[in-house]
Amino acid sequence: MKEMKAKRRFRWYWIPLGLIGLILILIGGLLAFLRSMLPWQNLLAATSNMKIQLSDGQREYVTGGKRDYSTLPSPLTLEDGTVIADTKQFEARREQILELFEENVYGPLPKSGFETSFEVLEEGEALDGAAIRRQIRIAVSTEKGTSDALMLLYLPNNGVPSPVILGLNSSGNHAALDDENIMVPYSYDTDGADIQKERGSKAYRWNIRDSIARGYAVATIYSGDFAPDSGDAYRTRVVSLFDEEEFKAVGAWAFGLMRGVDYLAADAGIDAAHIAVVGHSRLGKAAVWAGANDTRIGMVISNDSGNSGASLSRGNRGETVYSINKAFPHWFCSKYADYGKNENELPVDQNLLLAAIAPRLLYVASARDDLWADPQGAWNGLMAAKEAFALYGLPVLPDSEEQPPADTPLWCESMGYHVRSGWHDMEAADWEFYLSYMDRYFL
Ligand code: GTR
């Protein structure tokens, strides 16, 4: 009798059942936690980071429906209702826009109190004689010290000053092309890295061979040489030269791009009137911020720059101001986090930053499956920026609530847009559009 009772008390399947129950509770807890951070629509968009393909219905759920743009600021209408009527007034508005972004999003960008110097460390023929490779040490100094970065530059070997495309990379200069002469960047962590294997591993992202063949120089610098992309490490390089607490990683990358422009504008092999800046994703945010600030940059290319890049914060799709500040507090000034879940209170939105690039050329590119970066929000950002370009008498893209279909670029004399089919990346197909656009409208 006693034995039977003991048997009833314990059954073997209680263990798996208990485990399943525990797992369900944990999953439920995790979902509740995630949901407290982001709406389902945005959470579903995050699956694009794992390259999980959504069905058409799910995609419609993520991207469709009404977006609240009722408080979207306008580039040409000030808060008090004043309408900017000419380009002279817009120049002042542009300054105001840049200040608002310093104050609320990216933090201050140092404009004085430092010196930049250059040293060509290495030079040689490359790509079977089609190019000249130059590697340049860019040093920034203040009274607090010096911080350096290594620029890799390929120029067409054609004896004429070339237009150039400059961008930061996140995988090291040596990943940009399979060329054993490429030096490893100063701050690149070589611990456990197989440099030989990494050489050229991101060549598709930099398109150097093809760009050279088409007459364009390409320059790239490792973003970590200006600010390593993590926690407090972002403070260890160029940021450490300034006392400014709110000089953060995206600001340091934009500052770095501008120091790259300092060099390029002085290199006799470069046509300084035709300097384009490109950036993918987080480095696309930096490219847009640099491009808005630095009028020496003749064309800005945003590749999948997403939230805090070309995509509007209002409307709240994909990545949000809340989630980006939670995940990457070292990217932005601390005040930006106050607008998490509170985008409508932001005195700016990304359309104003795009407008600050006018009348220079602006190209915004998205990828169809990159829902986290909110392609539709980038299109809406461009649409809400274009009045600034029109003010300069430039033709702008026609009004449309819908972005164009995949792989069908829309171009005009002031701006270009395409949505490439595929995932979050910068690929040969993107470059094909960029270079063809540049052939036609930049040169
Ligand atoms: C994501 C981040 C995006 C984007 C991206 C990237 O994790 O949420 O804002 O910057 O990284 O840089 O690839």
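Just so we're clear, the structure is a prediction, and the values are computed from it rather than from any experiment.

Colleague: Can you break down the overall build of the protein residue by residue, with the values?
Modeller: When its secondary structure is counted, the protein shows 15 helices and 10 strands. Against the globule reference of 22 Å for 443 residues, the protein gives a C-alpha radius of gyration of 24 Å, in line with a compact fold. For the protein, the spread of C-alpha atoms along the three principal axes comes to 100 × 55 × 45 Å. The buried share of the protein, reckoned over its 443 residues, is 46%. Sequence separation of 24 or more characterises 69% of the internal contacts of the protein that already satisfy a separation of 6 or more.

Colleague: Pulling in residues and values, what's your account of the nonpolar core?
Modeller: Ranked by internal contacts, the top residues of the largest apolar core, which has 113 residues, are W253 and L257. Per-element accounting of this core gives the leading share, 11 residues, to helix α9 (residues 249-266). Core analysis: the next-biggest nonpolar cluster, separate from the first, contains five residues, A45, V62, L371 and A373 among them.

Colleague: Outline helix α10 (residues 282-293), listing residues and values.
Modeller: Under the 1.5 Å per step criterion, the end-to-end length of α10 is 17 Å for 12 residues, consistent within 8% with the ideal 16 Å. Most of α10 is tucked away, with 12 of its 12 residues classed as buried. Three or more residues of α10 are buried, namely R282, L283, G284, K285, A286, A287, V288, W289, A290, G291, A292 and N293. On its buried side, α10 packs onto α5 (87-106), β4 (162-169), α9, β6 (270-280), β7 (299-303) and α12 (350-355).

Colleague: Could you give an account of helix α13 (residues 375-383), with specific residues and numbers?
Modeller: Of all nine residues that make up α13, nine are buried, and the element is covered over most of its length. Packed against the buried residues of α13 are α4 (56-63), α12, β8 (361-367), α14 (386-391) and β10 (415-420).

Colleague: Lay out the site of the ligand in plain terms, naming residues and giving numbers.
Modeller: Around the ligand, a shell composed of S281, R282, G306, N307, E319, I324 and A327 is seen. Each residue belonging to the shell around the ligand can be placed in one class, and the counts come to two nonpolar, three polar and two charged.

Colleague: Give me the lowdown on the domain arrangement of the protein, citing residues and values where you can.
Modeller: Annotation of the protein at the domain level lists domain 1 (14-53) and domain 2 (93-442). Each partner contributes residues to the interface: domain 1 has 10 residues there, and domain 2 has 12 residues. Ranked by residues supplied to the side of domain 1 that touches domain 2, first place goes to helix α3 (residues 40-45) with three residues. Residue composition of the side of domain 1 that touches domain 2, grouped by class: four nonpolar, five polar and one charged.

Rules of the game
Residues numbered from 1 in each chain as written. Predicted model: local features only at pLDDT ≥ 70, side-chain atom pairs only at ≥ 80, totals over all residues. Helix = DSSP H or I, 4+ residues; strand = E, 2+ residues; numbered from the N terminus. Rg over C-alpha atoms; globule rule 2.2 N^0.38 Å. Buried ≥ 20, exposed ≤ 12 C-beta atoms within 10 Å, placed from the backbone. Contact = placed C-beta atoms within 7 Å. Core = buried A, V, L, I, M, F, W, Y, C linked by C-beta atoms within 7 Å. Expected span 1.5 Å × (residues − 1). Near = placed C-beta within 6 Å. Nonpolar A, V, L, I, M, F, W, Y, C, P; charged D, E, K, R; others polar. Domains from an automatic or database assignment.

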